[in-house]
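Spelled out, the chains give:
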Amino acid sequence: MDIKDVKTLIKLVSESDISEFELENEDNRIFIKRGQTEIVQVAAPVQATAAMPAAPAFAAPAVAPAAAAPAVNDKYEKIKSPIVGTFYAAPSPDSPPYVKVGDIVGAGQTLCIVEAMKLMNEIEAEFKCKVVEVVKANAEPVEYGDILFLVEKV
Amino acid sequence: MDIKDVKTLIKLVSESDISEFELENEDNRIFIKRGQTEIVQVAAPVQATAAMPAAPAFAAPAVAPAAAAPAVNDKYEKIKSPIVGTFYAAPSPDSPPYVKVGDIVGAGQTLCIVEAMKLMNEIEAEFKCKVVEVVKANAEPVEYGDILFLVEKV
Amino acid sequence: MIHKVVIANRGEIALRILRACKELGIKTVAVHSTVDSEALHVKLADQSVCIGPAPSIDSYLNMKAILSAAEVTDADAIHPGYGFLSENAEFAEICNNCGLTFIGPTAENMRLMGDKISARQTVTAAGVPILPGTKSGVPSVDEAIKIAGEIGYPVIIKATAGGGGRGMKIVHAPTSLPNAFAAARSEAQAGFGNPEVYIEKYCERPRHVEIQILADKHGNVIHLGERDCSIQRRHQKLIEEAPCSILPDEVRRKMGDCAVAAAKAVNYSSVGTIEFLLDADYNFYFMEMNTRVQVEHPVTEMITGIDIIKEQIMSAAGHPLRFKQEDIKINGHAIECRINAEDPEKFTPCPGKIDGYHTPGGLGVRVDSAVYDQYKVLPHYDSMIAKLIVHAETREEAIKRMARALDEYIIEGIKTTIPFHQRVMNNREFIEGNIDTGFLERTKL
Amino acid sequence: MIHKVVIANRGEIALRILRACKELGIKTVAVHSTVDSEALHVKLADQSVCIGPAPSIDSYLNMKAILSAAEVTDADAIHPGYGFLSENAEFAEICNNCGLTFIGPTAENMRLMGDKISARQTVTAAGVPILPGTKSGVPSVDEAIKIAGEIGYPVIIKATAGGGGRGMKIVHAPTSLPNAFAAARSEAQAGFGNPEVYIEKYCERPRHVEIQILADKHGNVIHLGERDCSIQRRHQKLIEEAPCSILPDEVRRKMGDCAVAAAKAVNYSSVGTIEFLLDADYNFYFMEMNTRVQVEHPVTEMITGIDIIKEQIMSAAGHPLRFKQEDIKINGHAIECRINAEDPEKFTPCPGKIDGYHTPGGLGVRVDSAVYDQYKVLPHYDSMIAKLIVHAETREEAIKRMARALDEYIIEGIKTTIPFHQRVMNNREFIEGNIDTGFLERTKL
């Protein structure tokens, strides 16, 4: 069997609906299989689920997704924003922040301001605690329920 | 066997409904397999979700769904309709049926007719067997691949 | 022009507004309650802000939270959708005071048309007919005869303390009035402990027909034809169509003129709807004006080719109307079915997770819905989860198209009113157009 | 009238036909191969018949099986869709001999228009322009100058043995012809071992513009305006729109008249399409006639409001056309994107299981697709899985609407050409309408 024969063979098989073909020699072992079998499996699941892409919460690229944080810090208490607005760590641009990491604050002490509609809403600690993390940056917009501080009851 | 013979072989197999063909020599080992292999995959998960309602295959309410039967009768050989048409158990309305349950039929013996486009296609037994069940009723429409008889090799 | 819109709503209308904004190149901010964070319009918006917990009063009705969301996202306009704050004059006013464009009419428009008595006075002055009647008690049979004569027969006598049809008497001629009056009074006494009755014009088999208004801030007002919303259950619209299949052209023209006159009388400046009651003799009476976009606006969009939400936004941005009345051409027939997450027999709400979802498609089929597969229909809000809208050459073809689209619509995991709509589309009376606001009450589907 | 139709096709066109039948009250029979038993049109049809194994030659191209299916289901008509047997004259003939209405043109129509040479002769006789040229070798430069003078400049000189652009010379004036002719010949000799060249009219930046024809069995022929299908990749249409945005009204009218004349010349009696090449100077040349419904028919439906499949069925049933040419009004602009299960960069097919499916909705959006969540896109057949069609007032608005609809369309588990279409909708050249059949080849998306 020369190259021309092989060429003819390839052409023949290509034009038929044969899926497998075998030919052995001296003297002859031919095997022909029709129909596609394996192609069906091709289905490679690219993505498990996650059908809907999510819109970014706020445009600011610095904002970490609110949902991601809590999982990491389950052992701390979370102080959340009760309103939509802008987070301010200090009473004025020139003042020092109300609290910083490591501070022990008493119940009722102001932790920050969330400004909404020109109204300065003071957010107070509900219990005595130690500030573990200030989650939001100064002047950052916050949503309802966003975590502002991680604290530890003391 | 030269390339011309191979060509003829491929053409033959392509035009037949043979799914696998093997030929060994000196002196002869021939293996022929009929019926589509890829159909097996189609059977696929019956439908986990079943979101889509299925259209009835034919209006005739008497028709049992073809897919249901095989599961019950896995131990028997199935003789399937190679074409769409109308099943006739007998050569004419007045004649007795070609075969009935319990009959032993030889290879090549006519089992029934499937009529399509006024052409009477005789369906023959490919091997010696005993008729276990006549699945279709006389004059019932059949689809491609519908089971016509359940038989037992003897 | 407007650059960024806060969509102060949820569900399909929030998505509807979002789509219009996207096509206009306007940025969108979705505001949502905590339980709505997985909503489709939240996922598709340019930005999203959680404004409060599940109860509407703390989120979608929380003006301060919505305004704060606009502030922190630097939005310059708010679209209120329908329901929630959409007809709250105070909210419209605050928006304007905050320098935000409220995409809707003025607070004054809302106040004038929101109050039933001032609305009736205003439109009457503009020459729009209202349903004649006394509204307050009629003391004597002589007085009753005089009033009925003024109103014109048939009239209906109703108990001022009553409701639900009890003690009502329909009178077709003066001769039967004394007996009916006496009977109504005694039934009112027996039923409600108060014999007082009043008299009103009686509408036989009334239809709910309404006119879509489009107005700008420059005094231009046109209408986009009428909608027939007679298929109602307990005053809740379930199926709407446009145009009204039985309306004579002459009446259509008069009704349109009246609607425009009513809107002009209050210097109306956005989209809105004038609702009329149409009786069997094609007399029509002003009921009320809705000073917002309505759930059923798509049927009008289908037959006019006009994107009502886009026009509303452009109008709010100060653009003059792009159309004159004579530019408006009505094409074919459109029907909308409101698909609710409800038991299709008892109409009890069925919130829960959708498990299997497939929408119909093809020519003339529109789906306005914010749900998707595996979406949880929440118990906190309205049960409407989708609007299926079809458009075709004729009403007959539209009904067939709706029937086939309903057959294709698959929503699994929860009960919906799809089977109810299928029954209506196959009902002979409905197909023949014999509908009025009492249709669902009297019809065995 | 027709009572029951065998739909001799699969995929979206099978569903398209099924929908039209349902709305017309006609019963449907889906025929399918063994691997297509889970197809949507099979599930939605009144009856279904398995006609053979996966290979098309044994199922969708198996005339005998399809005719047997019609016989056993007592159908009285066959709709062939597009592709498969739709342009097989023998099949149309056999259908008629079997007493089945073939929903398409006559076998004679197909034979006349299916053969390129007879088609060119026929339309030329009807006064329709064809691309002038020799098609066979031009022996001498004198001959070449004579021919080019007849054809009119610019002309293109091509190697008869060539292909793929090699050896082609574009000539804009007689003076440059001798040099170009000699160069072309020597390049042809070098490239293909044969110096023979032929001369053809050169089309600069040609557009593919086609006219939709609607005809009945009573000699009535009208057209439904044109479609621009210039966005092609290797002669495969990917995006179609209607109308063609740059066509002057005068040329539009002439092209429409030519298309009707061509159809009348063969006594055409169904829906069909006359394809033209349109050059930069608005000259147009007949390419071929498609004697079937086309993939891109929806864009014409959107701008005319006419259900082409329904009209095709009614025409096949012997009804005269319901429209005259002057009834046809073009409204707005429509675009169709063919969404294929292919890699959006390399266009290699990506069959497999869809795992996550959500279709876009809202005003002016139409989805024609037969796939659903968890459906397996098969490797045996065409890779087109959906057509996304939008309709809007203007081309500009339609592009924006398409962009937002593409953004909403979610198909997971397999790769699709959605990202490709998104890139086109954001391409400045496309937006400005600077398109021709070479657009995709020269454009970096």
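Residues numbered from 1 in each chain as written. Chains lettered and ligands numbered in written order. Predicted model: local features only at pLDDT ≥ 70, side-chain atom pairs only at ≥ 80, totals over all residues. Heavy atoms only, no water.

S.K.: Whenever I open this one, the overall build of chain C confuses me. Can you help?
M.R.: Looking only at helices and strands, chain C features 15 helices and 20 strands. By principal-axis analysis of the C-alpha atoms, chain C measures approximately 70 × 45 × 45 Å. For chain C, the residues scored as buried account for 60% of the 445 residues in total. A sequence separation of at least 24 residues applies to 66% of the contacts in chain C between residues at least 6 apart. Carbon together with sulfur atoms contributes 49% to the accessible area of chain C, which is approximately 16,500 Å² in total. Averaged over its 49 positive side-chain charges, chain C has a centre that lies 2 Å from the centre of its 58 negative ones. (Helix = DSSP H or I, 4+ residues; strand = E, 2+ residues; numbered from the N terminus. Buried < 20%, exposed > 50% of the residue type's maximum accessible area, 1.4 Å probe, protein only. Contact = heavy atoms within 4.5 Å. Areas by Shrake-Rupley, 256 points an atom, 1.4 Å probe, with all protein chains shown as cover. Lys, Arg positive; Asp, Glu negative; His and termini not counted. Charge placed at Lys NZ, Arg CZ, Asp CG, Glu CD.)

S.K.: Where do I start with the sheet that holds strand β9 (residues 141-142) of chain B in this structure?
M.R.: Strand pairing in a sheet is mediated by backbone hydrogen bonds. Such pairs are either parallel or antiparallel. The antiparallel open sheet is built from four strands, whose spatial order is β7-β6-β4-β9 (chain B). Two strands lie at the open edges of the sheet, namely β7 (119-124) and β9 of chain B, each paired on one side alone. Relative to strand β6 (residues 110-116) of chain B, strand β4 (residues 85-88) of chain B runs antiparallel, the two being bridged by three bridges. Bridge pairing in β6(B) places B:F87 opposite B:V114. Strands in contact with helix α3 (residues 63-72) of chain D are β4, β6, β7 and β9 of chain B; relative to β6(B), the strand with the most contacts, it is inclined by about 85 degrees. (Pairing = 2+ DSSP bridges. Axes fitted to C-alpha atoms, helices over the stretch in contact; angles between N-to-C directions.)

S.K.: What am I meant to see in the relation of the copies chain C and chain D here?
M.R.: The operation linking the two copies of the chain is a rotation about an axis combined with a translation along the axis. Superposing chain C onto chain D requires a rotation of 180 degrees together with a translation of 0.1 Å along the rotation axis, leaving an RMSD of 0.1 Å. A rotation of that kind, with that shift, is consistent with a two-fold axis. Interface overlap between copies is the fraction of interface residues in one copy that are interface residues in the other; for chain C against chain D it reaches 100%, indicating a shared surface. (Least-squares fit on C-alpha atoms with pLDDT ≥ 70 in both.)

S.K.: Where do I start with the interface of chain A and chain C in this structure?
M.R.: One frequently used descriptor of interface size is the decrease in accessible area upon assembly of the parts. On the chain C side, the residues contacting the 20 residues of chain A number 25 residues. When chain A packs against chain C, the two sides together hide about 1,700 Å² of surface, and 64% of this comes from carbon and sulfur. At the surface where chain A touches chain C, the tally comes to one salt bridge. A:K118 is the partner of C:E71 in a salt bridge, and the nearest nitrogen-oxygen pair spans 3.3 Å. Connecting chain A to chain C are four residue pairs in polar contact (both at pLDDT 80 or more). Of all the secondary structure elements, the ones that give two or more residues to the side of chain A that touches chain C are β4 (85-88), β6 (110-116) and β7 (119-124) of chain A. For the side of chain A that touches chain C, the class distribution of residues is 14 nonpolar, three polar and three charged. (Buried area = accessible area lost by both parts, 1.4 Å probe. Salt bridge = Lys/Arg side-chain N within 4 Å of Asp/Glu carboxyl O. Polar contact = N/O pair within 3.5 Å; in protein donor to acceptor, adjacent residues only side chain to side chain. Nonpolar A, V, L, I, M, F, W, Y, C, P; charged D, E, K, R; others polar.)

S.K.: What's the story with the sheet that holds strand β1 (residues 4-7) of chain D in this structure? I'm lost.
M.R.: All names here are of chain D. Ordered by their spatial adjacency, five strands build an open sheet running β3-β2-β1-β4-β5, and the pairing between neighbours is parallel. Because the sheet does not close on itself, it has two edges, and the strands there are β3 (47-52) and β5 (101-102). When β1 meets strand β4 (residues 77-79), the two strands line up parallel, connected through three bridges. Pairing of I7 across the sheet is with H79, part of β4.

S.K.: Mind showing me how you'd approach the pattern of salt bridges here?
M.R.: Side chains that differ in charge, positive against negative, can pair when their charged atoms come close. For the structure shown, the criterion picks out 92 salt bridges over all chains. Here B:K136 and B:E140 are joined by a salt bridge, their closest N and O atoms 3.5 Å apart. The pair formed by B:K136 and B:E140 is uniform in burial state, with each residue classed as buried. Note that C:K310 is salt-bridged to C:D307, the shortest N-O span being 3.9 Å. When its relative accessible area of 4% is taken as the criterion, C:K310 is described as buried.

S.K.: Would you take a moment to explain the interface of chain C and chain D for this structure?
M.R.: In this assembly, 35 residues from chain C lie in contact with 35 residues from chain D. Taking both sides of the interface into account, the surface hidden between chain C and chain D amounts to around 2,600 Å²; carbon and sulfur atoms contribute 47%. Of all residues in chain C, C:R19, C:E23 and C:L363 bury the most surface against chain D, accounting for 23% of the area lost on that side. At the junction of chain C with chain D, the criterion picks out 14 salt bridges. Seen at the junction of chain C and chain D, the total is 15 residue pairs in polar contact (both at pLDDT 80 or more). When residues of the side of chain C that touches chain D are traced back to their parent elements, those giving at least two are α1 (11-24), α2 (40-44), α10 (297-304), β16 (357-358), β17 (365-369) and α12 (395-408) of chain C. Among the elements that take part in the side of chain C that touches chain D, α12(C) stands out by supplying six residues, more than any other. Of the residues belonging to the side of chain C that touches chain D, the class tally is 11 nonpolar, six polar and 18 charged.

S.K.: Just to check I follow, could you spell out the pairing of β4(B) for this structure?
M.R.: Side-chain direction in a regular strand flips from residue to residue, so the side chains alternate between the two faces of the sheet. When β4(B) meets β9(B), the two strands line up antiparallel, connected through two bridges. Across the sheet, the residue bridging to B:T86 is B:P141, located in β9(B).

S.K.: Any chance you could explain the confidence of the model for chain A here in plain terms?
M.R.: As a note on interpretation, predicted positions should not be read in detail where pLDDT is low. The predicted model of chain A averages 74 in pLDDT, with 55% of residues at 70 or higher. Under a pLDDT of 50 for its full length, residues 58-71 of chain A has, in the predicted model, 15 contacts with residues more than four places off or in other chains. (pLDDT = per-residue confidence, 0-100.)

S.K.: Any chance you could explain the packing of aromatic side chains here in plain terms?
M.R.: The geometry of an aromatic ring pair is captured by the separation of the ring centres together with the interplanar angle, meaning the angle of the planes. By the definition in use, this model includes 18 aromatic pairs over all chains. With centroids separated by 5.3 Å and ring planes inclined at 80 degrees, the aromatic side chains of D:F347 and D:F420 adopt a geometry described as edge-to-face. Separated by 73 residues along the polypeptide, D:F347 in the loop between β14 (333-340) and β15 (352-353) and D:F420 in helix α13 (residues 418-425) bring together distant segments of the chain. Judged by its relative accessible area of 14%, D:F347 falls in the buried class. Among the residues examined, D:F420 registers a relative accessible area of 3% and is labelled buried. One aromatic cluster is present, formed by C:Y60, C:F84 and C:Y381 through successive ring pairs. Directly above the aromatic system of B:F127 lies the positively charged group of B:K153, at a separation of 4.9 Å from the ring centroid. Positioned above the aromatic ring of C:F430 is the side chain of C:R395, whose terminal nitrogen or guanidinium carbon lies 4.8 Å from the ring centre. (Phe/Tyr/Trp six-rings, centres within 6.5 Å; stacked < 30°, edge-to-face > 60°. Lys NZ or Arg CZ within 6 Å of the ring centre and 35° of its normal.)

S.K.: Could you clarify how one ought to interpret helix α6 (residues 116-125) of chain C in this entry?
M.R.: In an α-helix, one full turn covers 3.6 residues, which means residues spaced three or four apart are oriented alike. Residues and elements named next belong to chain C. Within the sequence span of α6, burial applies to S118, A119, T122 and V123. For α6, the buried positions fall inside an angular range of 125 degrees around the axis, keeping them on one side. More than 90 degrees from the buried face of α6, the exposed residues found are K116, I117, Q121 and A125. Of the residues trailing α6, G127 is marked for its positive phi of about 85 degrees. (Arc of directions from axis to C-beta.)

S.K.: Sorry, what's going on with the side chain of B:T110 here?
M.R.: All names here are of chain B. Checked against the element boundaries, T110 lands in strand β6. Owing to a relative accessible area of 14%, T110 belongs among the buried residues under this scheme. Looking at T110, its side chain comes within polar contact range of the side chain of E122, at 3.1 Å. In this view, T110 contacts Y98, V99, E122, I123 and E124; residues no more than four positions away in its chain are not counted.

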